[in-house]
Each structure stands twice: as C-alpha cells, then as structure tokens.
Amino acid sequence: MGSTWSNSFTLNIPEIDNQHKKFFELFDGASSGFENKTPEQLERVIIELENYMEYHFQTEEKLMEDAGYENIENHKKQHSFFINRIREMRLEFEYMNPMLYDKIINFIKKWFVSHVIAGDPKYRDTVISYLNQNK
C-alpha cells in the first residue's frame, strides 16, 4: 500500500517540497511490512508520522505567516483537524484495536495527498513571491 512521490506534488518551494518527499519516504516505511510488526512498533511508526507532520505543518505555517498569506487561519484549521484526528485514532489503536493500523495509514495517505494537491497550492504563489523578495 505504499505511496510514491509524484512531480505533480511539487510546489517549487524547496523546503516544503523536500519535506513532502521525506513524508513519502517515512510513509513507505510505515506502510510496508506492517503485518510483521508488533503493536508497539506500529505505535512508534504512527507517532513518528504524527511528529513529522507536526514539524512540517509548523514549517508551512511559519512560511505562510511570514509571507502574509491571507487565508492562513483556514489552512491552520486543516492542519489542526488532521493532527487531532490522528491523535484520536492513535488512542483508539493504543487502547482497543491494533487492526486499526491499516485504517490510520489509509487516512494519513488520503488526507495528506489531498491536502498537498488541493490545499497547499493555494499558498504557493504568496510564499514564492515572499521568498523571491527576500533572497
């Protein structure tokens, strides 16, 4: 169930593109061979993905803030929704059902890809303009 980087995800913002690529690398590691991992190993993988996403979202939000992106609050709400949903699912996973791992991984993949394709391009031009002015 791996996911691969596609050039269609490129925003031409090197720091963000590199983080998106890193996410796909982490995701591939998380989604391959999960049948052979213990519940503890699976939990660590989810936490690693969650931590990386929080780091990535902080980077995006700082860039949007510095660039004066006008719709930043809506974008931040999307990030908060995602992080909160992952935390909820992780708690379910911890306390009830290790079989939820597949559900969590599918959610991360679908949400992240749709966010990169539909959400991130909205701030691209504002951030690129800001970065070009501040070289």
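No experiment lies behind these values; they were computed from the predicted model shown.

A. A look at the packing of helix H4 (residues 100-119) against helix H5 (residues 121-133). In contact at an axis separation of 6 Å, H4 and H5 are set at 55 degrees when each is read in the N-to-C sense. Put simply, H4 runs oblique to H5. Where H4 approaches H5, its residues Val116, Ile117, Ala118 and Gly119 are matched on the opposing element by Pro121, Lys122 and Tyr123. Residues of the contact of H4 with H5, tallied by class, amount to five nonpolar, one polar and one charged.

B. The arrangement of the nonpolar core in detail. In this structure, Phe23, Leu49, Phe82, Tyr101 and Ile108 are the most contacted members of the largest nonpolar core, which totals 28 residues. Broken down by secondary-structure element, the contributors of at least two residues to this core are helix H1 (14-31), helix H2 (39-67), helix H3 (72-95) and H4. With nine residues, H4 is the largest single contributor of residues to this core. With residues near it in sequence (within four places) discarded, Ile108 still touches Phe23, Phe27, Leu49, Phe82 and Ile86. One finds Ile13, Ile16, Tyr69 and Val127 within the second-largest nonpolar core, a separate group that totals ten residues.

C. Here's a closer look at the packing of aromatic side chains. By the definition in use, this model includes eleven aromatic pairs. With a centroid separation of 5.7 Å and an interplanar angle of 55 degrees, the aromatic rings of Tyr52 and Tyr55 are classed as tilted. With Tyr52 and Tyr55 both in helix H2, this residue pair falls three residues apart, about one helical turn. With relative accessibility at 14%, the residue Tyr52 sits in the buried group. Tyr55 sits in the partly exposed class, given a relative accessible area of 44%. Relative to Phe82, the ring of Phe57 has its centre 5.8 Å away and its plane inclined at 75 degrees; by these criteria the two rings are edge-to-face. One end of the pair, Phe57, is in helix H2; the other, Phe82, is in helix H3, and 25 residues separate them in sequence. Taken together, the ring pairs in this structure connect Phe9, Phe23, Phe24, Phe27 and Phe112 into an aromatic cluster. One cation-aromatic arrangement involves Arg85 over Phe107; the distance from NZ or CZ to the ring centre is 6.0 Å.

D. Up close: the pattern of salt bridges. Within this structure, the stated rule accounts for six salt bridges. Across the pair Arg87 and Glu54 runs a salt bridge whose closest N-O atoms are separated by 2.7 Å. Separated by 33 residues along the polypeptide, Arg87 in helix H3 and Glu54 in helix H2 bring together distant segments of the chain. Note that Lys76 is salt-bridged to Glu65, the shortest N-O span being 3.8 Å. Pair noted here: Lys76 is in helix H3 and Glu65 is in helix H2, with a separation of eleven residues, a long-range link. Take Lys76: its relative accessible area is 22%, and that puts it in the partly exposed class. Its relative accessible area of 51% is what places Glu65 among the exposed residues. Overlapping salt bridges, with partners in common, bring together Glu50, Glu54 and Arg87 in one network.

The rules behind each value
Residues numbered from 1 in each chain as written. Predicted model: local features only at pLDDT ≥ 70, side-chain atom pairs only at ≥ 80, totals over all residues. Heavy atoms only, no water. Axes fitted to C-alpha atoms, helices over the stretch in contact; angles between N-to-C directions. Helix = DSSP H or I, 4+ residues; strand = E, 2+ residues; numbered from the N terminus. Parallel < 35°, antiparallel > 145°, perpendicular 65-115°, else oblique. Contact = heavy atoms within 4.5 Å. Nonpolar A, V, L, I, M, F, W, Y, C, P; charged D, E, K, R; others polar. Core = buried A, V, L, I, M, F, W, Y, C linked by side-chain atoms within 4.5 Å. Buried < 20%, exposed > 50% of the residue type's maximum accessible area, 1.4 Å probe, protein only. Phe/Tyr/Trp six-rings, centres within 6.5 Å; stacked < 30°, edge-to-face > 60°. Lys NZ or Arg CZ within 6 Å of the ring centre and 35° of its normal. Salt bridge = Lys/Arg side-chain N within 4 Å of Asp/Glu carboxyl O.

Take it as geometry only, folks, not as evidence of what the structure does.
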